[in-house]
Amino acid sequence: MNRRALALGALAVSGALALTACGSDDTSGGDGGASATANSNIKCDDAKGQLQASGSSAQKNAIDAWVKAYTTACKDVQVNYRPDGSGAGITAFNQGQTAFAGSDSALKPEEVEASKKVCTDGQGINLPMVGGPIAVGFNVPGVDTLVLDASTLAKIFDSQITNWNDEAIAKLNPDAKLPDLKIQAFHRSDESGTTDNFTKYLKAAAPKDWKYEPAKAWAAKGGQSAPQSSGVAQQVKQTSGAISYFELSYAKDGIKTVDIKTEAAEPVKATVENATAAIGAAKVVGTGKDLALELDYTPSADGAYPMVLVTYEIACDKGNKADTLPATKSFLNYMASEDGQGLLADAGYAPMPTEIITKVRETISGLS
């Protein structure tokens, strides 16, 4: 895979016309804002009926925007997306309850095997659709800017650093007035692809301090928990001394985010542009129609944010249910289209690099 080409492709996509979009807390997924101009290019292809899907809560705000635009154009389709976490989404998909699932981690071999029971003569495949930074939000009175590195983050989330005026934090923030305040570290209570990617970063960047294997389920000791991205973000917003991790689009309503110290000259902010720089260096490691990516959690380039995730839409390559196949292909095609990807930047997400999203579109067209 040509990393330079991917990086340039990612920047080209992110520079495309971004249509207005906003998030919503309505779990029906139907209230995300979207420009009506996007509707003119949506191909409904005789799609109709209800489309059930569930999974990643990290992509919920993107799904909201897509559903708004798509169902305005395709009035015979009702899309119902439950943002109940990547683990729950894959389980529901493999039990035949949904047409597709959203997951912030690629399918494991045993999950692919399980999918063959519902994908007649086929299997579940990973379609990378949404990218973005995993922001670390904090609520520390009197502190507006905070720099942390992987080692310090690992110790905070493993209850080894428990107070905000700890020497390790102070060393990274010599100009900050850090209070004598207990750290309230929140992690996800549900199985989460965001947790999986966050812990992959900690394991890769601070292996001596993070002893746990990356996984969707939280393994470290101590801390507090809340369900879904919206739940941990809300805890940061309302709890003095809180810190947690969630997709950037949830860092709103005044939630401040940590700048991450990497091998680069300057700490890196959690922005769509900085995440795009990192995702542009990803490699496709899936085989056949599967487009699973390998991400670099320890970039050294200036402006490359190290904590990124890619949300995959999980669908059957073959054996999709006949009554939902037209709507599944139509909706996924819109999500992967130039207009669909164009909504992402304004919603706080990173579009997929051109080389990757082109393969996604080709794969969707061949779903059967």
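Going by the structure above, here's the rest.
Bear in mind the structure is a predicted one, so any value in this text is a computation, not a measurement.

Engineer: Before we go on, may I ask you to explain the pattern of salt bridges in this structure?
Structural biologist: Working definition: two side chains of opposite charge can pair if their charged atoms are close together. Summed over the entire model, instances satisfying the criterion amount to ten salt bridges. For the salt bridge of Lys116 with Glu113, the shortest nitrogen-to-oxygen distance reads 3.4 Å. Lys116 gets classed as partly exposed once you look at its relative accessible area, which sits at 39%. Of the charged contacts, one joins Lys283 and Glu294 as a salt bridge, the two residues approaching to 3.2 Å between their closest N and O atoms. In this pair, Lys283 sits in strand E13 (residues 283–284) while Glu294 sits in strand E14 (residues 293–294), placing the two residues eleven residues apart along the sequence. The exposure class assigned to Lys283 is partly exposed, which follows from its relative accessible area of 28%.

Engineer: Explain the environment of Leu181 to me, please; I cannot follow it from the model alone.
Structural biologist: Mapped onto the secondary structure, Leu181 falls in the loop between helix H6 (167–172) and strand E8 (184–188). Distance from Leu181 to Ser240, taken between C-alpha atoms, is 8.5 Å for residues 59 residues apart in sequence. Discounting chain neighbours no more than four positions away, the residues touching Leu181 are Pro141, Thr162, Asn163, Trp164, Ser240 and Gly241.

Engineer: What am I meant to see in the state of the cysteines here?
Structural biologist: One way to say it: the disulfide is the covalent bond shared by the sulfur atoms of two cysteines. In the structure shown here, the tally under the stated rule is two disulfides. Note on cysteine connectivity: Cys44 is disulfide-linked to Cys74, with sulfurs 2.1 Å apart. In this structure, the disulfide formed by Cys44 and Cys74 twists by about -95 degrees around the S-S bond and is classed as left-handed. Residue Cys44 is located in the loop between strand E2 (33–34) and strand E3 (49–55), and its partner Cys74 is located in the loop between helix H2 (60–73) and strand E4 (77–82); the two are separated by 30 residues in the primary sequence. Residue classification places Cys74 among the buried positions, given a relative accessible area of 2%. Across the disulfide from Cys119 sits Cys316; the S-S distance is 2.0 Å. Here the disulfide of Cys119 and Cys316 is left-handed, its torsion about the S-S bond being about -70 degrees.

Engineer: Help me understand the nonpolar core in this model?
Structural biologist: For soluble globular proteins, nonpolar side chains are generally found buried alongside one another. Of all hydrophobic cores here, the largest spans 99 residues; its most connected members are Trp66, Met129, Leu153, Phe157 and Ile243. Per element, the largest residue contribution to this core is eight residues, and it comes from strand E6 (residues 124–138). Excluding residues within four positions of it along the chain, Leu153 makes contact with Val136, Leu148, Tyr201, Leu202, Ile243, Ile260 and Met307. With nine residues, the next largest nonpolar core counts Val232, Ala233, Phe246 and Tyr250 among its residues.

Engineer: Explain the side chain of Asn173 here, please?
Structural biologist: Note on placement: Asn173 falls in the loop between H6 and E8. Asn173 sits in the buried class, given a relative accessible area of 7%. A polar contact is formed between the side chain of Asn173 and the backbone nitrogen of Val147, at a distance of 2.7 Å. Not counting residues up to four positions away in its chain, the partners in contact with Asn173 are Thr145, Leu146 and Val147.

Engineer: Explanation requested: the environment of Tyr305 in the structure shown.
Structural biologist: Note on placement: Tyr305 falls in the loop between E14 and strand E15 (308–316). Judged by relative accessible area, which is 0%, Tyr305 ranks as buried. Sequence separation between Tyr305 and Ala135 is 170 residues, and the spatial gap between their C-alpha atoms is 9.8 Å.

Engineer: Could you clarify how one ought to interpret the pairing of E3 in this entry?
Structural biologist: Looking along a regular strand, one sees the side chains alternate between the two faces of the sheet. Pairing of E3 with E4, which is carried by six bridges, proceeds in the parallel orientation. Bridge pairing links Gly49 to Val77 in E4. Here E3 pairs with strand E5 (residues 100–103) via three bridges, running parallel. Looking at the pairing, Ala53 lines up with Phe100 of E5.

Engineer: I'm lost on the environment of Gly366 in this one. Help?
Structural biologist: The residue Gly366 is located in the segment after helix H12 (354–365) in this model. According to the relative accessible area criterion, Gly366 is partly exposed, its value standing at 34%. Taking the C-alpha atoms as reference points, Gly366 and Asp317, separated by 49 residues in sequence, lie 7.6 Å from one another. Here Gly366 is in contact with Lys289 and Asp317, once residues within four sequence places are set aside.

What counts and what doesn't
Residues numbered from 1 in each chain as written. Predicted model: local features only at pLDDT ≥ 70, side-chain atom pairs only at ≥ 80, totals over all residues. Heavy atoms only, no water. Salt bridge = Lys/Arg side-chain N within 4 Å of Asp/Glu carboxyl O. Buried < 20%, exposed > 50% of the residue type's maximum accessible area, 1.4 Å probe, protein only. Helix = DSSP H or I, 4+ residues; strand = E, 2+ residues; numbered from the N terminus. Contact = heavy atoms within 4.5 Å. Disulfide = S-S within 2.5 Å. Core = buried A, V, L, I, M, F, W, Y, C linked by side-chain atoms within 4.5 Å. Polar contact = N/O pair within 3.5 Å; in protein donor to acceptor, adjacent residues only side chain to side chain. Pairing = 2+ DSSP bridges.

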